[in-house]
Amino acid sequence: MKNLTKERIEQFRGAIRGQVIIPADAEYEQARQIWNGSIDRKPALIARCLGNADVMAAIALSREQKLPLAVRGGGHNIAGNAMCDDGLVIDLSLMKSVRVDPDARLARVEPGALLSDVDQECQAYGLATPLGINSTTGVAGLTLGGGFGWLSRKYGMTVDNLVSVEVITAEGRRVVASASENPDLFWAVRGGGGNFGVITMFEFKLHRVGPEILSGLIVFPIAQAKAVLQQYREFVKTMPDDLNVWAVLRNAPPLPFLPASVHGKGVIILPMVYLGDPDAGMRAIEPLRSFGKPCGEHVGPTPYTAWQQAFDPLLGPGARNYWKSHNLAALKDETIDAGLRYATALPTGECEIFIGLLGGAAGKVPVDAMAYGARDAEMVMNIHARWQTAQDDGRCTDWAREAFNAIGRHATGSVYVNFLTAEESARISAAYGPNHARLVTIKNRYDPTNLFRMNQNIQPSV
């Protein structure tokens, strides 16, 4: 960075349409903030790009000056890879365009778009693509790691619905990748993260969804959680793909349909979505109520966009977060017991353990069809530590690690790459399993110098 002079920065500033922010600028402190408040990185400059030409210029500057390079989409990644120290950040957050072709059922999405941006534009036509469960998540990072949410049992992973991408490579070239054009690169970006270039456009297949869906929550006391989870385990084996039901172990938020006496107490929540006829959905979820004695429920027709934002208040930016995650092929009694030991000893009221259900369409794609290959994962269990002050760092991360180790004895060994924290590079090969070797080969071709390494890094072998 010693050759990065004021003159060179000004030259770069004049060469792009977007904004260049350095530590002396008033906007710098805000510009370097990302969702996870535990991340405190200070880049040398941040380039808020507005198009391909800006991205190309930023890549060229990074290579010329040998600057560490990070790429920011929504800035929601748990590991904080959207920021780097003493390097250059390509900030794509201003590139938020979403263009929907309702006749072709396709959406073209820029990399700064959030889930809420895509949902709003697509729902104008009663369409959607499988995304995540928190509307402030960035589409780019979610997609590049695989992507799953409420629609995944019916319509697959996010990457299963990706039609094409536009990529700026480490050489600064624009490349389109699809099933028919640069198919090796297209194979790699569907789950391989940001290892192969900067994606400046995503094209997604859309499906008829909404504008209202049957959705809601059934809440049971934590004392009933073991019995609830044992029955849940059997129920999900035969339920239709139109239905998705997750399980969340946490302290009850002050939801208006829960008695005040339950607020702040341990509960197991079954959030659910049904994508077919609401009356059929109500019949499909009726057995869930018999799993125990609920302390409250709120289920009914809801605008799809509202349901996609329902959990935002629990996942806002600025808090300190640490995750540990396992893929599960089955929910064994030993897994339930281990999870409950830690769910009944939460270090803060914001911590939780959740089980995201996959299966259905998400499990019907061949393992080698694309980089994301964990098709045997019926469930993803995420141990989510969340707290507000640095003085709680130790006890919250210790809780998550201990829970992870206890539950890990009963997991598949693979992991959802988007849930990996910064120190888990040893698990990257496990995340990709038999697909890892091919990813290295493609990395050798498109980024042999590992310019794009601020990610869950696939290291080149050349």
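Before reading on, note that the structure itself is shown above.
The shown structure was predicted, so the numbers you read here are calculated from the model rather than taken from an experiment. (Residues numbered from 1 in each chain as written. Predicted model: local features only at pLDDT ≥ 70, side-chain atom pairs only at ≥ 80, totals over all residues. Heavy atoms only, no water.)

Asker: Before we go on, may I ask you to explain the pattern of salt bridges in this structure?
Answerer: In a structure, side chains of opposite charge can pair up when their charged atoms sit close to one another. Going through the model one piece at a time under the given rule, you end up with 28 salt bridges. Across the pair arginine 48 and aspartate 91 runs a salt bridge whose closest N-O atoms are separated by 3.6 Å. Of this pair, arginine 48 sits in strand S2 (residues 45-48) while aspartate 91 sits in strand S4 (residues 88-91), and the two are 43 residues apart along the sequence. A residue is classified by how much of its surface remains accessible, and arginine 48, at 13% relative accessible area, is buried. (Salt bridge = Lys/Arg side-chain N within 4 Å of Asp/Glu carboxyl O. Helix = DSSP H or I, 4+ residues; strand = E, 2+ residues; numbered from the N terminus. Buried < 20%, exposed > 50% of the residue type's maximum accessible area, 1.4 Å probe, protein only.)

Asker: Explain helix H9 (residues 278-289) here, please?
Answerer: Because each turn of an α-helix spans 3.6 residues, side chains separated by three or four positions in sequence point in the same direction. The first and last C-alpha atoms of H9 sit 17 Å apart over 12 residues, in line with the 16 Å expected at 1.5 Å per residue. For H9, the set of buried residues is Gly281, Ala284, Ile285, Leu288 and Arg289. Along the axis of H9, the buried residues cluster in a sector spanning 160°; they form a single face. Within H9, the exposed residues directed more than 90 degrees away from the buried face are Asp279 and Arg283. Against strand S12 (212-221), helix H8 (225-235), strand S13 (243-245), strand S15 (266-274) and strand S16 (296-303) lie the buried residues of H9. (Expected span 1.5 Å × (residues − 1). Arc of directions from axis to C-beta. Contact = heavy atoms within 4.5 Å.)

Asker: Sorry if this is basic, but what is going on with the layout of surface pockets here?
Answerer: By rolling a water-sized probe across the atoms, one finds the places where empty space is left. The computed volume of the second largest pocket comes to approximately 250 Å³. Lining the second largest pocket are 15 residues, and of these Trp35, Arg72, Gly74, Thr136 and Pro317 lie nearest its centre. Residues belonging to the lining of the second largest pocket are distributed by class as follows: four nonpolar, nine polar and two charged. (1 Å grid on protein atoms, 1.4 Å probe; cavity = no way out; pocket = protein on both sides within 12 Å on 5 of 7 lines; lining within 4 Å. Points joined across faces, edges and corners; volume = space filled by probe spheres on them. Nonpolar A, V, L, I, M, F, W, Y, C, P; charged D, E, K, R; others polar.)

This is a description of form; function is not addressed.
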